[in-house]
Amino acid sequence: FDPDARTFTYRIDNVGDRDGEEVAQLYLTNKGDTRGPVKTLVGFERVGIPAGQSVWVTFNIDDDFFKMFSENRQQFERSSGPFVFQYADKVLEVKF
């Protein structure tokens, strides 16, 4: 994660002998806030991966993903976190 650029990049490897496709997914969890969702889908992208090759996937992360709605102030406010990113190619196979 590059906090200045607000991007998260990771590599997907195709170790097989056939071209393939994956749906890269990025999730965000705010460990410091129990009121919000356990996991938020930040983005997803279908990528083609040639046999025996790797591809890099980059997600741009909007600042709104780091905000929670304050009932008291009736506005969105930046949460202090801590935040955990998780990536996956299937929802049930989230990696840390």
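Cut-offs and rules
- The residue numbers shown here count from 1 along each chain, following its written sequence.
- Reporting in this predicted model follows two pLDDT cut-offs: at least 70 for local features of residues, and 80 or more for side-chain atom pairs to be given and counted; totals over whole chains, interfaces and linings ignore these cut-offs and use all residues.
- Note: side-chain values were computed over all heavy atoms of the structure, leaving out hydrogens and water.
- Strands are runs of DSSP state E lasting at least two residues, helices are runs of H or I lasting at least four, and both sets are numbered from the N terminus onward.
- Only protein chains enter the accessibility calculation, which uses a 1.4 Å probe; a residue whose area is less than 20% of its type maximum is buried, one above 50% is exposed, and one in between is partly exposed.
- At least two DSSP bridges between two strands are needed for those strands to be called paired.
- pLDDT is defined as a per-residue confidence score from the predictor, taking values between 0 and 100.

The secondary structure content of the protein amounts to 0 helices and 7 strands. Helices and strands in the protein line up, N terminus first, as β-β-β-β-β-β-β. When each of the 96 residues of the protein is scored for burial, the buried share is 32%.

Right, let's get into the pairing of strand β6 (residues 75-78). The two faces of a sheet get side chains in turn, since along a regular strand they alternate between them. Judged from the 4 bridges that link them, strand β5 (residues 67-70) and β6 form a sheet pairing that is antiparallel. The residue of β6 that forms the bridge with lysine 67 is arginine 78. Between the antiparallel neighbours β5 and β6 lie 4 residues, among them glutamine 74 with a positive phi of about 55°.

Moving on, we get to the confidence of the model for the protein. Summary statistics for the protein give a mean pLDDT of 86 and a share of 90% for residues scoring 70 or more. For the protein, the element scoring lowest by mean pLDDT is β5, at 82; strand β4 (residues 54-60) scores highest, at 95.

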